[in-house]
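Working through the structure, step by step
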Amino acid sequence: MAKRGGKSLFSLSTLLASFFGAAMIASAFAYYNYKFSEYKFIDFKNVIFYEKSDIFKPDQERYIVVFYSSKDRETMQLLAQTDLNTPIIAIDYYNQVRKNSEHTTFLRSGTQTSLKFIQRFNIYNAPSIFFIKRVKNTLYKQDSMIHQLDNLKELTQKVKQL
């Protein structure tokens, strides 16, 4: 190795500086990748849900999203009777038409839209619950982790926690 003035061109400090620089870049990339993949976005302009026969157009700043199965009568009654400050969007796995209640909007969609929704939010259990909040016009961002829901008491507790 060539030396200049008694020091090598490939010194330990140069090696460590390169290593730490690469480590910082990698950690910044990993952090931002994690941050932006942690919570998902949904644009209701591109993802079409129906309430009865009309296209759902969100008008609130924040919603509770519940993905449920209409085959589970207990969950349907729970959603219809729930009285919270935040409006509920209830998306049915089986896409059955249901009359909206005062605080709950029951939605349905085509199979392809349902599958995209399930994949985008990584939903593994029904009923599941999470919050979304408006970012811009019809674009909403997931605002909480996804939790499995079992009963009304649990729903009320989850909403207060979130």
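Everything that follows concerns the structure shown earlier in this document.
Residues numbered from 1 in each chain as written. Predicted model: local features only at pLDDT ≥ 70, side-chain atom pairs only at ≥ 80, totals over all residues. Heavy atoms only, no water.

A few points about the overall build of the protein chain
Each helix and strand counted, the protein chain has four helices and eleven strands in total. A burial count over the protein chain gives 33% of its 162 residues as buried. Surface accessibility of the protein chain: about 10700 Å² in total, with carbon and sulfur atoms responsible for 53%. (Helix = DSSP H or I, 4+ residues; strand = E, 2+ residues; numbered from the N terminus. Buried < 20%, exposed > 50% of the residue type's maximum accessible area, 1.4 Å probe, protein only. Areas by Shrake-Rupley, 256 points an atom, 1.4 Å probe, with all protein chains shown as cover.)

Here we look at a nonpolar patch on the surface
Taken together, the side chains of Leu-12, Leu-15, Leu-16, Phe-19 and Phe-20 make up a nonpolar region of the molecular surface, amounting to roughly 530 Å² of accessible area. If you trace the backbone, Leu-15 turns up in helix H1 (residues 12-38). (Patch = residues over 30% accessible without salt bridge, like charges linked within 9 Å, V, L, I, M, F, W, Y side chains within 5 Å. Salt bridge = Lys/Arg side-chain N within 4 Å of Asp/Glu carboxyl O.)

Things to note about the nonpolar core
The biggest cluster of nonpolar side chains holds 18 residues, and the ones touching the most others in it are Ile-42, Phe-44, Phe-49, Ile-89, Ile-91, Phe-117 and Ile-132. Of all the elements in the fold, those that place two or more residues in this core are strand E6 (62-68), strand E7 (88-92), helix H3 (111-121) and strand E9 (128-136). Dropping the residues within four chain positions of it, Phe-44 is found in contact with Phe-49, Phe-56, Pro-58, Ile-89, Ile-132, Thr-138 and Tyr-140. Ile-64, Leu-84, Ile-88 and Leu-149 belong to the second-largest nonpolar core, a separate cluster that totals 13 residues. (Core = buried A, V, L, I, M, F, W, Y, C linked by side-chain atoms within 4.5 Å. Contact = heavy atoms within 4.5 Å.)

Quick notes on the pattern of salt bridges
Here the structure, examined in full by the defined rule, presents two salt bridges. Residue Glu-61 is joined to Arg-134 by a salt bridge in which the shortest nitrogen-to-oxygen separation is 3.7 Å. In this pair, Glu-61 sits in the loop between strand E5 (54-55) and E6 while Arg-134 sits in strand E9, placing the two residues 73 residues apart along the sequence. Note on Arg-134: relative accessible area 23%, which makes it partly exposed. Between Asp-143 and Arg-62 there is a salt bridge, with the nearest N and O atoms lying 2.7 Å from each other. Note that Asp-143 is positioned in the loop between strand E10 (139-142) and strand E11 (147-148) and Arg-62 in strand E6, a separation of 81 residues in sequence. By relative accessible area, which is 27% here, Arg-62 ends up partly exposed.

Section: the pairing of E10
Of the two faces of E10, only one is covered, namely that formed by Tyr-140 and Gln-142; the face formed by Leu-139 and Lys-141 stays uncovered. Two strands pair when backbone bridges link them, and E9 and E10 are joined in this way by four bridges, in the antiparallel orientation. Bridging from a neighbouring strand, Ile-132 pairs with Gln-142 of E10. Taken together, E9 and the strand that follows it, E10, pair antiparallel across an intervening segment of two residues, in which Asn-137 is found at a positive phi of about 45 degrees. (Pairing = 2+ DSSP bridges.)

With respect to the environment of Pro-58
Take Pro-58: it is sitting in the loop between E5 and E6. By relative accessible area, Pro-58 is classed as buried at 12%. Residues Pro-58 and Asn-137, spaced 79 residues apart in sequence, show a C-alpha to C-alpha distance of 8.7 Å. Filtering out sequence-adjacent residues up to four positions away, Pro-58 remains in contact with Phe-44, Tyr-63, Arg-134 and Tyr-140.

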